[in-house]
Protein chains: 4
Amino acid sequence: MIIAVIGGDDAPPEAFVLAEAVGREIARRGAKLICGGLGGVMESACRGVKAEGGTTIGVLPGTEAGEANAYVDIPIVTGMNQARNLVIVRSADAVIAIGGGYGTLSEMAFALRLGKPLVGLQTWSMQYAGQPAQFETFEDAKTAVERAVALADARSGVTRHA
Amino acid sequence: MIIAVIGGDDAPPEAFVLAEAVGREIARRGAKLICGGLGGVMESACRGVKAEGGTTIGVLPGTEAGEANAYVDIPIVTGMNQARNLVIVRSADAVIAIGGGYGTLSEMAFALRLGKPLVGLQTWSMQYAGQPAQFETFEDAKTAVERAVALADARSGVTRHA
Amino acid sequence: MIIAVIGGDDAPPEAFVLAEAVGREIARRGAKLICGGLGGVMESACRGVKAEGGTTIGVLPGTEAGEANAYVDIPIVTGMNQARNLVIVRSADAVIAIGGGYGTLSEMAFALRLGKPLVGLQTWSMQYAGQPAQFETFEDAKTAVERAVALADARSGVTRHA
Amino acid sequence: MIIAVIGGDDAPPEAFVLAEAVGREIARRGAKLICGGLGGVMESACRGVKAEGGTTIGVLPGTEAGEANAYVDIPIVTGMNQARNLVIVRSADAVIAIGGGYGTLSEMAFALRLGKPLVGLQTWSMQYAGQPAQFETFEDAKTAVERAVALADARSGVTRHA
């Protein structure tokens, strides 16, 4: 299982704390992390995964592997700028959004567009014609990751026993 | 000047009427239209442009020019699925969003991410931490297009005289 | 009909002369030109088209329309670096390769991969297991463009009368 | 270190044998494999890597992880068709080309364009103006992989001791 964490370079400190905790929870469940591979929320999530011995994939916008943060195991170099956002979402079994960047919003929209399980943590809410976009939001990392994993399992037909 | 109209295949009938009126206003101002080249809002906007003798560019997600609607003058065939959304936004001097598709939301997010002028017509609103995303919304096609053109002019340093 | 001219920024002067002549021939036949939108062979081809009053489309690798050469009518801004090469080939009804750049070679390969009509002018030859890649080469612009147009017509089922 | 093996779905049986041997040699040197993730040469290379306990990354053209061959550890889902070829080349420290597909030729051209170390095994040769494209070719898997690793090391400034 591959879980995406989407979030920007620039975010409030509590978003970084949250992202690191999300990374830890992803690794504890044996899932791999995929993200944008740069700093901020992305780096915090990667650091959390590595603290628990997990695997991190960084899908980079630029043309050099060297732009990846220090916790990326597998740098994927796209050279396609923001088009790499779609690669992250498409490669993930579920998507966790953290914080309020516009790049994050675009990835949330793609997850919804593609029907990928999406959960939010301190992130955007969106409404059209009085109706909110359909995804669940949580306050803590553990519950968010549990829910993302459960949604990914449900989508792939897997049953896990406690 | 190139103006993007973003909107989905599937939308309520009033969105199609609005999109066609937007297309007419774009052509009347001598701007070209760029859009996703398929049906629904995209086709309606193209039809409006052609009714006024303007030029339409359709940036297609699939691998064949034949998927373009009948009002596309210049089909750009990407074969990159939703990654084509970024090409639309990057190629435009201003972006007009119509309706409530998730693809539309992703393009709005990219426009905001890239700092492109964005105006909305019967479309999404988004908030983060109690603050709305910063773009203007309008109720009618003429005012929306006037504002989009003015924002694009301001960005490129052009002054127009009435 | 849209004809692609592929060729690099850097080429010998005779390639530029050839590219401009190809551009003129494309416009004389009422076809549009699509190319990479930058300098060298691309700029020469665009200049030739504009000298005959035709239309030029430049599919740019970078993030700004301003990088297009002065003869591009419709700049398509991809922000995807060399991935834009595929957009050029996919959007064309036939492809004309000029000169010896590696980017040009990649586009020739894509044209062959996608089954697009391809003709060569002072360009690469390639062999595998003793067999050459299957495309025609010419020495002059007029014959090359005539052949490209004929191949594109054959592919789309059009018959033209002299 | 990440080594790319590029080659098509369709190739003669000896190309598959060669690709599997290349995969084994890559894994024995502790490098990861990146490839297109589908069948043929790609699957054979992945099988070789897994036989030696290595790691395989498959960069897929389509929209579903399920199209990866059974030996892919990390499926990267691009949804961008052949544009994924560039992601493979950009993400690799060196590139090994096997066989005579046109997709393979396009990736060789991109490797040359980007200045990535490239070695060939039973693959294309290309000439422009009487000069061959500059890359080394080998007859056996072991020597080819040794050379690819040495070229990648030289590029990144690493010295290995026998």
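Before any of the text, the structure's been laid out above.
Note that the coordinates shown come from a computational prediction; the quantities given were computed from them, not determined experimentally. (Residues numbered from 1 in each chain as written. Chains lettered and ligands numbered in written order. Predicted model: local features only at pLDDT ≥ 70, side-chain atom pairs only at ≥ 80, totals over all residues. Heavy atoms only, no water.)

*Asks:* Please explain the overall build of chain A as it appears in this structure.
*Replies:* Along chain A, the regular secondary structure elements total five helices and nine strands. Ordered by position from N to C terminus, the α and β elements of chain A give β-α-β-α-β-β-α-β-α-β-β-β-β-α. Each of the three principal axes of chain A carries a C-alpha extent, and together these read 40 × 40 × 30 Å. Buried positions account for 59% of the 162 residues belonging to chain A. Contacts spanning at least 24 positions in sequence make up 55% of the contacts within chain A whose residues lie at least 6 apart. (Helix = DSSP H or I, 4+ residues; strand = E, 2+ residues; numbered from the N terminus. Buried < 20%, exposed > 50% of the residue type's maximum accessible area, 1.4 Å probe, protein only. Contact = heavy atoms within 4.5 Å.)

*Asks:* Please clarify how the interface of chain B and chain D should be interpreted in this entry.
*Replies:* The figure often quoted for interface size is the accessible area lost as the parts come together. On the chain D side, the residues contacting the five residues of chain B number five residues. Summing both partners gives a buried area of about 330 Å² for chain B against chain D, and 55% of it is carried by carbon and sulfur. Three residues, Gly 79, Met 80 and Asn 81 of chain B, lead the burial of chain B against chain D; their summed loss comes to 77% of the area buried on that side. At the junction of chain B with chain D, the criterion picks out zero salt bridges. (Buried area = accessible area lost by both parts, 1.4 Å probe. Salt bridge = Lys/Arg side-chain N within 4 Å of Asp/Glu carboxyl O.)

*Asks:* What should I look at first to understand the relation of the copies chain B and chain D in this one?
*Replies:* The two chain copies are connected by a rotation around an axis plus a translation along it. Overlay of chain B on chain D (RMSD 0.0 Å): rotation 180°, translation along the axis 0.0 Å. Expressed as a symmetry operation, the mapping of one chain copy onto the other fits a two-fold axis. Every residue of chain B has its C-alpha some distance from the rotation axis, and the shortest such distance is that of Met 80 of chain B, at 1.9 Å. Here 100% of the contact residues of chain B are again contact residues in chain D; the copies associate through an equivalent surface. (Least-squares fit on C-alpha atoms with pLDDT ≥ 70 in both.)

*Asks:* Mind showing me how you'd approach the pattern of salt bridges here?
*Replies:* For side chains of opposite charge, pairing can occur when their charged atoms come near one another. Counted according to the given criterion, the structure contains 36 salt bridges over all chains. Two residues, Glu 146 of chain B and Arg 29 of chain B, come together in a salt bridge whose shortest N-O distance is 3.4 Å. Linking Glu 146 of chain B in helix H5 (residues 141–156) with Arg 29 of chain B in the loop between helix H1 (13–28) and strand S2 (32–35), this pair joins segments that are 117 residues apart in sequence. Residue class for Glu 146 of chain B comes out partly exposed when judged on its relative accessible area of 36%. A salt bridge links Glu 20 of chain C to Arg 47 of chain C, with the nearest nitrogen and oxygen atoms 2.9 Å apart. Here Arg 47 of chain C lies in helix H2 (residues 41–51) and Glu 20 of chain C lies in helix H1 (residues 13–28), a separation of 27 residues in the sequence. Among the residues examined, Arg 47 of chain C registers a relative accessible area of 28% and is labelled partly exposed.

*Asks:* Can you walk me through the side chain of Ser 91 of chain D in this structure?
*Replies:* Among the structural elements, Ser 91 of chain D can be located in helix H3 (residues 84–91). The buried category is assigned to Ser 91 of chain D, whose relative accessible area is 5%. Here Val 87 of chain D takes part through its backbone oxygen, which lies 2.8 Å from a polar atom of the side chain of Ser 91 of chain D. Look past the residues within four positions of Ser 91 of chain D in its chain and what remains in contact with it is Pro 75, Ile 76 and Val 77 of chain A together with Ile 2 and Ile 34 of chain D. (Polar contact = N/O pair within 3.5 Å; in protein donor to acceptor, adjacent residues only side chain to side chain.)

*Asks:* Looking at this structure, I do not really get the relation of the copies chain A and chain B. What am I missing?
*Replies:* Superposing chain A onto chain B requires a rotation of 180° together with a translation of 0.0 Å along the rotation axis, leaving an RMSD of 0.0 Å. The overlap is high: 100% of the interface residues of chain A also sit at the interface in chain B, so the same surface is used on both sides.

*Asks:* Would you take a moment to explain H3 of chain D for this structure?
*Replies:* Each α-helix winds once per 3.6 residues, and so residues spaced three or four apart point in a common direction. In terms of burial, H3 of chain D is a largely internal element, eight of the eight residues being buried. Burial in H3 of chain D covers these residues: Arg 84, Asn 85, Leu 86, Val 87, Ile 88, Val 89, Arg 90 and Ser 91 of chain D.

*Asks:* In this structure, what is going on with the pairing of strand S7 (residues 125–128) of chain A? I would like to understand it.
*Replies:* Both S7 of chain A and strand S7 (residues 125–128) of chain B contribute to a ladder of three bridges, which runs antiparallel. When the sheet's bridge partners are listed, Ser 125 of chain A is paired in S7 of chain B with Gln 127 of chain B. In terms of strand pairing, S7 of chain A meets strand S8 (residues 131–132) of chain A through two bridges, oriented antiparallel. Paired with Tyr 128 of chain A across the two strands is Gln 131 of chain A, which belongs to S8 of chain A. Linking S7 of chain A back to S8 of chain A in an antiparallel pair, the connection comprises two residues, with Ala 129 of chain A at a positive phi of about 50°. (Pairing = 2+ DSSP bridges.)

*Asks:* I tried to follow the sheet that holds strand S7 (residues 125–128) of chain D on my own but got confused; where do I start?
*Replies:* Consider a sheet: its strands pair through backbone hydrogen bonds, and that pairing is either parallel or antiparallel. Read across the open sheet, the four strands follow the order S8(C)-S7(C)-S7(D)-S8(D); overall the sheet is antiparallel. The sheet is open, and its two borders are formed by strand S8 (131–132) of chain C together with strand S8 (131–132) of chain D, each paired with just one other strand.

*Asks:* How should the nonpolar core be read in this particular structure?
*Replies:* Soluble globular proteins tend to pack their nonpolar side chains together in the buried interior. Of all hydrophobic cores here, the largest spans 113 residues; its most connected members are Met 126 of chain A, Met 126 of chain B, Met 126 of chain C together with Met 126 of chain D. Excluding anything up to four places from it in sequence, Met 126 of chain D contacts Leu 105, Trp 124, Ser 125 and Met 126 of chain C together with Leu 105, Met 108, Leu 112, Gln 131, Pro 132, Ala 133 and Phe 135 of chain D. (Core = buried A, V, L, I, M, F, W, Y, C linked by side-chain atoms within 4.5 Å.)

*Asks:* Please explain the interface of chain A and chain B as it appears in this structure.
*Replies:* Listed per partner, the contact involves 27 residues of chain A and 27 residues of chain B. Counting the surface lost from both chain A and chain B, the interface buries some 2300 Å², and carbon and sulfur atoms represent 66% of this. Its largest share of buried area at the contact with chain B, chain A owes to Gln 82, Tyr 102 and Tyr 128 of chain A, together 29% of the area lost on that side. Taken together, chain A and chain B are joined by five residue pairs in polar contact (both at pLDDT 80 or more). Elements represented by at least two residues in the side of chain A that touches chain B include exactly helix H3 (84–91), helix H4 (102–114), strand S6 (118–123) and S7 of chain A. The leading source of residues in the side of chain A that touches chain B is H4 of chain A, at nine residues. A breakdown of the residues in the side of chain A that touches chain B according to their chemical character gives 13 nonpolar, 12 polar and two charged. (Nonpolar A, V, L, I, M, F, W, Y, C, P; charged D, E, K, R; others polar.)

*Asks:* Sorry if this is basic, but what is going on with helix H2 (residues 41–51) of chain B here?
*Replies:* Residues and elements named next belong to chain B. Among the residues making up H2, those that are buried are Val 41, Met 42, Ser 44, Ala 45, Cys 46, Gly 48 and Val 49. Lining the buried residues of H2 we find strand S1 (2–6), H1, S2, strand S3 (56–60), helix H3 (84–91) and strand S5 (94–99). Downstream of H2 by a residue or two, Gly 53 has a phi angle that is positive, lying close to 75°.

*Asks:* Any chance you could explain the pairing of strand S4 (residues 74–77) of chain D here in plain terms?
*Replies:* On a regular strand, one side chain projects to one face of the sheet and the next to the other, so that they alternate. Residue and element names in this part refer to chain D. Judged by which residues are buried, S4 turns out to be covered on both faces: Ile 74 and Ile 76 on one side and Pro 75 and Val 77 on the other are all buried. Sheet topology note: the strand S3 (residues 56–60)/S4 ladder contains four bridges and is parallel. Residue pairing in the sheet places Ile 57 in a bridge with Ile 74 of S4.

*Asks:* Is there a simple way to explain the state of the cysteines in this structure?
*Replies:* Here, the word disulfide means a covalent bond between the sulfur atoms of two cysteines. Residue and element names in this part refer to chain A. All told, the structure shown has zero disulfides over all chains when counted by the stated rule. Just so you know, Cys 46 is unpaired, no disulfide at all, and the nearest cysteine sulfur is the one on Cys 35, 3.6 Å from it. Overall, Cys 46 belongs to the buried group, its relative accessible area being 0%. (Disulfide = S-S within 2.5 Å.)

*Asks:* Would you explain the sheet that holds S6 of chain A in this entry?
*Replies:* Residue and element names in this part refer to chain A. Pairing is parallel in the open sheet, where seven strands are placed in the order S4-S3-S2-S1-S5-S6-S9. Both outer strands of the open sheet, strand S4 (74–77) and strand S9 (136–138), are each paired with one neighbouring strand and no more. Sheet twist, expressed as the mean angle between neighbouring strand axes with direction ignored, is 25°. Inspection of the sheet shows strand S2 (residues 32–35) paired to strand S3 (residues 56–60) by three bridges, in the parallel sense. Within S3, the residue paired with Cys 35 across the bridge is Gly 58. Together, strand S1 (2–6), S2, S3 and strand S5 (94–99) form the strand contacts of helix H2 (residues 41–51), whose direction differs from that of S2 by roughly 165°. Across the sheet, helix H5 (residues 141–156) touches S1, S5, S6 and S9, and the angle it forms with S6 is around 160°. (Axes fitted to C-alpha atoms, helices over the stretch in contact; angles between N-to-C directions.)

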